[in-house]
Amino acid sequence: MSEVGGPVNVLSAPGVPPLGRLAELGVARVSFGSGLHQATQAYTKGLLEVVVEGRGLY
């Protein structure tokens, strides 16, 4: 990444190379944006639906 003259940051998204490859390329930081938060919300919503319906978690 010497051509850039500074650290390179990448937003993780579909089609972006895996973290290992990004590290090989010299990427300094990978951001997951709101994706991790959205995934956590969806998972929590599913758990709460199970609790409200009285079903077991496993």
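Residues numbered from 1 in each chain as written. Predicted model: local features only at pLDDT ≥ 70, side-chain atom pairs only at ≥ 80, totals over all residues. Heavy atoms only, no water.

J.: Would you mind showing me how to read helix 2 (residues 35-53) here?
T.: Because the α-helix completes a turn every 3.6 residues, residues three or four places apart line up on one side. Between the first and last C-alpha of helix 2 there are 27 Å, a value that for 19 residues agrees with the 27 Å anticipated at 1.5 Å per step. Downstream of helix 2 by a residue or two, Gly 54 has a phi angle that is positive, lying close to 80°. (Helix = DSSP H or I, 4+ residues; strand = E, 2+ residues; numbered from the N terminus. Expected span 1.5 Å × (residues − 1).)

J.: So what exactly am I meant to see when it comes to the confidence of the model for the protein chain here?
T.: Segments scoring low in pLDDT should not have their predicted coordinates read at a detailed level. Across the protein chain, the average pLDDT comes to 89, with 95% of residues at or above 70. When mean pLDDT is compared element by element in the protein chain, helix 1 (residues 19-25) scores highest at 94, while helix 2 scores lowest at 92. (pLDDT = per-residue confidence, 0-100.)

J.: Can you walk me through a nonpolar patch on the surface in this structure?
T.: On the surface, a cluster of nonpolar side chains totalling about 410 Å² of accessible area is made up of Tyr 43, Leu 47, Val 51 and Leu 57. When you line up the elements, Leu 57 lands in the segment after helix 2. (Patch = residues over 30% accessible without salt bridge, like charges linked within 9 Å, V, L, I, M, F, W, Y side chains within 5 Å. Areas by Shrake-Rupley, 256 points an atom, 1.4 Å probe, with all protein chains shown as cover. Salt bridge = Lys/Arg side-chain N within 4 Å of Asp/Glu carboxyl O.)

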